[in-house]
Amino acid sequence: MKLAKTVKVLAATATVAFSINASAAAPQKDVRFIGETQFAGFCKAIINDDVRVLRSSLSRNVGRIGASQREVLRMVTSEEGLTCNGSSLIEFSVERHADAVHDYLMSRS
């Protein structure tokens with residue numbers, strides 16, 4: 001089964017994406033999801049660097065994408081898997097400096 005889903009993330013302002021201090025811990029609200037928005041939870045997890053949201057997205061897609069959370073993770077991180085802003089989940093987590101999510105993806109992939 002191929003999973004060629006794309007979720008695009010659009011930031012309303014460039015300064016929001018590059019804020020470092022005060023808003024680094026706060027979720028970014030100036031983000032809009034387009035494309036296959038039913039899978040936006042994966043991109044949202046990376047944007048907020050929230051492993052809990054990622055795991056929730058994995059469990060919500062058991063039966064839809066794969067038979068287990070591990071299989072869902074394998075499918076969404078595969079070469080033909082889910083993309084956020086045109087990047088794979090792993091690449092997007094590096095671009096967004098989502099270290100906790102990146103570590104989780106790398107340890108489970």
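All figures in this text were calculated on a predicted structure; none of them were measured in a lab.

Caption draft 1: Inspection of the overall build of the chain at higher detail. If you tally the helices and strands in the chain, you get 6 helices and 4 strands. Mapped in sequence order, the helices and strands of the chain form the string β-α-β-α-α-α-β-β-α-α. Taking all 109 residues of the chain together, 35% fall into the buried category. Taking as baseline every contact in the chain between residues at least 6 positions apart, the subset at least 24 positions apart corresponds to 58%. Of the roughly 6600 Å² of accessible surface on the chain, a fraction of 50% belongs to carbon and sulfur atoms.

Caption draft 2: Region of the structure containing helix H3 (residues 51–60). Every buried residue belonging to H3 is among Val53, Leu54, Ser57 and Leu58, and all of these are buried. Buried residues of H3 fall within an arc of 140 degrees about the axis and therefore sit on the same side. Along H3, the residues that are exposed and aim more than 90 degrees away from the buried face are Arg52 and Arg60. Against the buried residues of H3 lie helix H2 (40–47), helix H4 (69–77) and helix H6 (99–108). For H3, the capping residue at the N-terminal end is Asp50, with a side-chain oxygen 3.0 Å from the backbone nitrogen of Arg52.

Caption draft 3: Region of interest: the packing of H3 against H6. The contact between H3 and H6 brings their axes to 9 Å, and the two run at 45 degrees. On the basis of their axis angle, the class for H3 and H6 is oblique. In this structure, H3 uses Val51, Leu54, Arg55 and Leu58 to contact H6, whose residues at the interface are Ala100, Val101, Tyr104 and Leu105. For the contact of H3 with H6, the per-class residue count stands at 7 nonpolar, no polar and 1 charged.

Caption draft 4: Local environment of a positive patch on the surface. On the surface, a cluster of positive charge is contributed by Arg55, Arg70, Arg74 and Arg108. Relative to the assigned elements, Arg70 resides in helix H4. Looking at Arg70, the relative accessible area reads 46%, which means it is partly exposed.

Caption draft 5: Layout of the confidence of the model for the chain. Mean pLDDT for the chain: 82, with 73% of residues reaching 70 or above. Within the chain, H3 carries the highest mean pLDDT (97), whereas helix H1 (residues 14–17) carries the lowest (34). Here residues 12–25 scores under 50 on pLDDT; set against residues more than four positions off or in separate chains, the count is 5 contacts.

Caption draft 6: Summary view of the state of the cysteines. Here the structure, examined in full by the defined rule, presents 1 disulfide. The residue that forms a disulfide with Cys43 is Cys84, at a sulfur-sulfur distance of 1.9 Å. Between Cys43 and Cys84, the S-S dihedral sits near -90 degrees, and the bridge is therefore left-handed. Of the two residues, Cys43 is situated in helix H2 and Cys84 in strand E3 (residues 83–84); the sequence distance between them amounts to 41 residues. The exposure classification of Cys43 matches that of Cys84, with both residues buried.

About the cut-offs
- Residues numbered from 1 in each chain as written.
- Predicted model: local features only at pLDDT ≥ 70, side-chain atom pairs only at ≥ 80, totals over all residues.
- Heavy atoms only, no water.
- Helix = DSSP H or I, 4+ residues; strand = E, 2+ residues; numbered from the N terminus.
- Buried < 20%, exposed > 50% of the residue type's maximum accessible area, 1.4 Å probe, protein only.
- Contact = heavy atoms within 4.5 Å.
- Areas by Shrake-Rupley, 256 points an atom, 1.4 Å probe, with all protein chains shown as cover.
- Arc of directions from axis to C-beta.
- Polar contact = N/O pair within 3.5 Å; in protein donor to acceptor, adjacent residues only side chain to side chain.
- Axes fitted to C-alpha atoms, helices over the stretch in contact; angles between N-to-C directions.
- Parallel < 35°, antiparallel > 145°, perpendicular 65-115°, else oblique.
- Nonpolar A, V, L, I, M, F, W, Y, C, P; charged D, E, K, R; others polar.
- Patch = residues over 30% accessible without salt bridge, like charges linked within 9 Å, V, L, I, M, F, W, Y side chains within 5 Å.
- Salt bridge = Lys/Arg side-chain N within 4 Å of Asp/Glu carboxyl O.
- Lys, Arg positive; Asp, Glu negative; His and termini not counted.
- Charge placed at Lys NZ, Arg CZ, Asp CG, Glu CD.
- pLDDT = per-residue confidence, 0-100.
- Disulfide = S-S within 2.5 Å.

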